[in-house]
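Chain and residue survey
The chain contents come next:
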Amino acid sequence: MPYQEENIKTRVVGVDISSNLTTLAVVNIRGNIIAESNFDTSEYPDVNDYVKRLSEEIVQLVEANGGYDTIRSVGISAPSASFTTGCLVHSPNLPWKGIIPLAAMLRDQLGLAVALGNDAHVAALGEHAFGSAHGMSDFILVTLGGGVGSCFFSAGHEHQGYEGLAGEIGHTCIEDHGRQCGCGNRGCLEAYTNAKGIVLTAQEMLAASDEPSLMRNLDTLTPLTIKECCDQGDKMAIEVYRKTGYLLGIGLANYADVINPQAIILTGGISKAGKWLTEPLSESFEEHILMHMRGKIKILTSKLNNHERDVLGASVLAWQVKEYSLFV
Amino acid sequence: MMELQKMKSNVVGIDIGIATTTYAVIDLRGNILAQESFDTREYPNIDNYLGVLSEHLVNLVERTCGYENIRSVGVCCPNSNYKTGCLENATNLQWKGVIPLAALMRDRLGLAVALANNSQCIALGEQAFGAAHGMRDFVIITLGHGMGSCFFSNGKMHMGNKGFAGEIGHTCVVPNGRECSCGHRGCLESYCAERGVIQTAKELLAERNEPSMLRNVDDINPKVLTEMAELGDHLAIETWRRTGEMLGMGLANYASILNPEAIILTGGLPHAGRWLLEPTEAAFENHVFRNIKGQTRLLVSSLKDGERDVLGASVLAWQVKEYSLFL
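All values reported here derive from a predicted model rather than from experimental measurement.

A word on the overall build of chain A
- Helix and strand content of chain A: 9 helices and 13 strands.
- Scaling as 2.2 N^0.38, a compact globule of 328 residues should have a C-alpha radius of gyration of about 20 Å, and chain A matches this with 21 Å.
- Over its C-alpha atoms, taken along the principal directions, chain A stretches across nearly 80 × 45 × 35 Å.
- Among the 328 residues that make up chain A, the fraction classed as buried is 51%.
- Considering only contacts in chain A between residues 6 or more positions apart, those separated by 24 or more positions represent 63%.

Details of the overall build of chain B
- For chain B, the count of helices and strands is 9 helices and 13 strands.
- For 327 residues, the compact-globule formula gives about 20 Å, and the C-alpha radius of gyration of chain B, at 21 Å, lands near that figure.
- Across its three principal axes, chain B shows a C-alpha extent of roughly 80 × 45 × 35 Å.
- For chain B, buried positions account for 52% of its 327 residues.

Quick look at the pairing of strand E2 (residues 21–28) of chain A
Residues and elements named next belong to chain A.
- In terms of residue burial, E2 counts as a mostly covered element, since 6 of its 8 residues are buried.
- Where strand E1 (residues 11–17) and E2 come together, 7 bridges link them in antiparallel fashion. When the bridges of E2 are listed, aspartate 16 appears paired with threonine 23.
- Adjacent in sequence and paired antiparallel, E1 and E2 are bridged by 3 residues.
- Inspection of the sheet shows E2 paired to strand E3 (residues 33–40) by 7 bridges, in the antiparallel sense. Across the sheet, residue threonine 23 finds its bridge partner in E3, namely asparagine 38.

A look at the sheet that holds strand E13 (residues 298–301) of chain A
Residues and elements named next belong to chain A.
- Pairing in this open sheet of 5 strands is mixed, and the strands run E11-E10-E9-E12-E13 from one edge to the other. The sheet terminates laterally at strand E11 (157–158) and E13, the two strands that pair on one side only.
- Sheet strands touched by helix H7 (residues 235–259): strand E9 (139–144), strand E10 (148–154) and strand E12 (263–267). Its angle to E9, the strand with the most contacts, is close to 155°.

Let's talk about the interface of chain A and chain B
- At the junction of the two partners, chain A supplies 38 residues and chain B supplies 38 residues.
- With 7 residues, the top contributor of residues to the side of chain A that touches chain B is H7 of chain A.
- In terms of residue class, the side of chain A that touches chain B is made up of 17 nonpolar, 16 polar and 5 charged.

With respect to helix H8 (residues 275–288) of chain A
- An ideal rise of 1.5 Å per residue puts 20 Å on 14 residues; H8 of chain A measures up with 19 Å between its terminal C-alpha atoms.
- Turning to H8 of chain A, its buried residues are Trp276, Leu277, Thr278, Pro280, Leu281, Ser284, Phe285 and His288 of chain A.

Notes on the nonpolar core
- Ranked by internal contacts, the top residues of the largest apolar core, which has 199 residues, are Val74 and Val114 of chain A together with Val73, Val75 and Val113 of chain B.
- A total of 13 residues in this core trace back to one element, the largest contributor, which is H7 of chain A.
- Excluding residues within four positions of it along the chain, valine 113 of chain B makes contact with Val73, Val75, Ala102, Met105, Arg106 and Val320 of chain B.

Some points on the domain arrangement of chain B
Residue and element names in this part refer to chain B.
- What the domain assignment lists for chain B is domain 1 (10–122 + 307–317) and domain 2 (134–300).
- For domain 1 versus domain 2, the distance between C-alpha centres works out to 28 Å.
- Between domain 1 and domain 2, the residue contacts involve 11 residues of the former and 12 residues of the latter.
- In terms of residue count, the dominant contributor to the side of domain 1 that touches domain 2 is helix H3 (residues 118–129) (4 residues).

A few points about the sheet that holds strand E4 (residues 70–76) of chain B
Residue and element names in this part refer to chain B.
- Spatially, the 5 strands line up as an open sheet ordered E3-E2-E1-E4-E8, and their pairing is mixed. Edge positions in the sheet fall to strand E3 (32–39) and strand E8 (113–116), since each has one partner strand and no second. For this sheet the average axis-to-axis angle between neighbouring strands, irrespective of direction, equals 15°.
- The sheet contact formed by strand E2 (residues 20–27) and E3 spans 7 bridges and is antiparallel. Residue pairing for E3: alanine 24 is matched across the bridge by glutamine 35.
- Sheet contacts for helix H9 (residues 308–317): strand E1 (10–16), E2, E3, E4 and E8; angle to E1, the most-contacted strand, approximately 130°.

Side note on the environment of serine 73 of chain A
Residues and elements named next belong to chain A.
- Relative to the helices and strands, serine 73 resides in strand E4 (residues 71–78).
- Along the sequence, serine 73 and aspartate 46 sit 27 residues apart, while their C-alpha atoms lie 25 Å from each other.
- When near neighbours in sequence (up to four residues on either side) are disregarded, serine 73 contacts Val12, Leu112, Ala113, Val114, Ala115, Ala318, Val321 and Glu323.

Let's talk about the packing of helix H3 (residues 119–130) of chain A against helix H9 (residues 306–318) of chain A
Residues and elements named next belong to chain A.
- H9 packs onto H3 with a crossing angle of 85° between their chain directions and a minimal axis gap of 7 Å. Classified by the angle between their axes, H3 and H9 sit roughly perpendicular to one another. Contacts between H3 and H9 involve Asp119, Val122, Ala123, Leu125, Gly126, Ala129 and Phe130 on the former and, on the latter, Arg309, Asp310, Leu312, Gly313, Ala314, Val316 and Leu317.

Focus on the packing of helix H5 (residues 195–208) of chain A against H7 of chain A
Residue and element names in this part refer to chain A.
- At their nearest, the axes of H5 and H7 sit 10 Å apart, and the two run at 130° to each other. When the axis of H5 is compared with that of H7, the two are oblique. Note on packing geometry: the crossing formed by H5 with H7 is right-handed. Where H5 approaches H7, its residues Ile198, Thr201, Ala202 and Met205 are matched on the opposing element by Met236, Glu239, Val240, Lys243 and Thr244.
- The residue makeup of the contact of H5 with H7, split by class, is 5 nonpolar, 2 polar and 2 charged.

Focus: the pairing of E13 of chain A
Residue and element names in this part refer to chain A.
- With 4 bridges joining them, E12 and E13 adopt parallel strand pairing. Paired with alanine 263 across the bridge in E13 is lysine 298.
- Crossover E12 to E13 through H8 is right-handed.

Comments concerning the domain arrangement of chain A
All names here are of chain A.
- Domain boundaries assigned for chain A yield domain 1 (11–124 + 308–318) and domain 2 (134–303).
- Summarising the inter-unit geometry, the C-alpha centres of domain 1 and domain 2 are found 27 Å apart.
- Across the contact, 15 residues belong to domain 1 and 17 residues belong to domain 2.
- For the side of domain 1 that touches domain 2, the element with the highest residue contribution is H3, accounting for 5 residues.
- Its residues assigned to classes, the side of domain 1 that touches domain 2 comprises 7 nonpolar, 6 polar and 2 charged.

Thoughts on helix H1 (residues 46–64) of chain B
Residues and elements named next belong to chain B.
- Here H1 is 19 residues long and its end C-alpha atoms lie 26 Å apart, about the 27 Å a rise of 1.5 Å per residue gives.
- Where H1 is concerned, the buried positions are Tyr49, Leu53, Leu57 and Val61. In a view along the axis of H1, the buried residues occupy a sector of 85°, so they form one face of it. Exposed residues on H1 whose side chains face more than 90 degrees from its buried face are Asp47, Asn48, Glu55, Asn59, Glu62 and Arg63.
- Among the structural elements, E1, E2 and E4 are those in contact with the buried residues of H1.

Reading the values: the criteria
Residues numbered from 1 in each chain as written. Chains lettered and ligands numbered in written order. Predicted model: local features only at pLDDT ≥ 70, side-chain atom pairs only at ≥ 80, totals over all residues. Helix = DSSP H or I, 4+ residues; strand = E, 2+ residues; numbered from the N terminus. Rg over C-alpha atoms; globule rule 2.2 N^0.38 Å. Buried ≥ 20, exposed ≤ 12 C-beta atoms within 10 Å, placed from the backbone. Contact = placed C-beta atoms within 7 Å. Pairing = 2+ DSSP bridges. Axes fitted to C-alpha atoms, helices over the stretch in contact; angles between N-to-C directions. Nonpolar A, V, L, I, M, F, W, Y, C, P; charged D, E, K, R; others polar. Expected span 1.5 Å × (residues − 1). Core = buried A, V, L, I, M, F, W, Y, C linked by C-beta atoms within 7 Å. Domains from an automatic or database assignment. Parallel < 35°, antiparallel > 145°, perpendicular 65-115°, else oblique. Left-handed = near helix turned anticlockwise from the far one by under 90°. Right-handed = clockwise from strand over helix to strand, strands pointing away. Arc of directions from axis to C-beta.

What follows is the structure, encoded as structure tokens:
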């Protein structure tokens, strides 16, 4: 047989599934996004219909951008996903309940290898390959948004845990018998530091005093509008983020005590609150971290474009799965 | 002429405890061929200590299997750093500052020496010969004077950036809570390690008028508390219950982050048995994240107390590259 130069496939597809929007992109080895499209996740209450639509979208995007045979594999980022099993596990926010073998379902539709990871895990891969964690072998990535999730690297590899469910920092107890959390437990870190938790803290503070506050004039309290009040010097709004940062500082110090990371990287919408959050957070972190680690752990916010982070991470994940194609 | 080389099948495991130093010759299946010990506290000077230790060790080895049959040495010592081979700012040992213990011993013995802290050595020992055999993701908790831990991530020990990982005892469980020896407040250790348990007992005695056999005890310690619990003393039982409640919560937080297959308890306190373990398990299940509820095994070490640390140190010895001055 004559020698033939084999075509190396240099592209993958990264998919980011969130509760309202699904974004997919063709991404090359260096993390350049070649093409991107999206559709509405919530239109598909039946997961079979969803997988069919996703598969069609991928084929369409890929065919219009270099062809199917340039694609090595597919990586998916989704909340409540387990890399180990390739399943969505009891997602509280997605429309599909129970345990869903999403990776296997999509592989069967597409005929390409598919890897699935949860959003924190995938974001960590993205930061490690193309972002703030580049060159680090032990770091923690924390996602702060609708939920509070995390993933850490141990000696250069992401830690998955026995069933791939590791990283639930949001559901560690920060206050025994504290606030009710969506997970059913009480006093979880997430109940104080996710979007809902911050709004609740603001509402509690508004109700507890008559002090004037710009927050009283807001139609809807959101982490963003509260942050804007901080920017205008509103004392109570600043206090809301101070409280949030204080608790988050304790939670992250506890995390760092057991992991001893080089850095903690914050991503997600809440991390956009900037100094209002990060200053009290750092102060509380340094106050609670064990002495010999004090001052030695960097707290960083992600530099990657919010919109691109997840598909980029998903593309890194795609490279981790063994190549497989029905067609070659 | 080529000769078939003889494989060295024995190592030395050393456990440096605050009170006692134990050293043993151990084969690759974890059989302890010979073991001796002496009082650590007699040697406030580290050079004297190492001189005596080396001398004893050479004697023991010569009597047991001969120096040429020892592959390497593993040392288990509190506040040790596996990554640097140094004993770093020990809190309870008498030698202060940063001491390059592994290098000092290698120079004296002419053999490769590996150093790690107690939790790490025990984790290695449990994985090789104990309760964690066959597990890739598990946590070891040492619960005695202090509270430490070590976890394995996908079959490998997690050490962290500088080798300091595993400080579960100093995670905060009660903001502004009890004062801890580390300078912080509300650390898990200040409730669940020996001193913490004793303090809980004393607080209970002060806050309640109930009669208790504990009131007649001069020196309350975990052993006495367990005996009293066995005899049905309510305050002793309540002391363990409160301890277990705190411990269960701390371990649940740990498990929510790590998703381990099992958490293995070692050290003196787990000897309290069901008085401690039942409330711990209840609190654990109550606080752990829903997806892993009922899926993490809480186990107690199956290795013998006097052997666990030297056995772990022997497993550690196999991890260092072989080296000998004499061959």
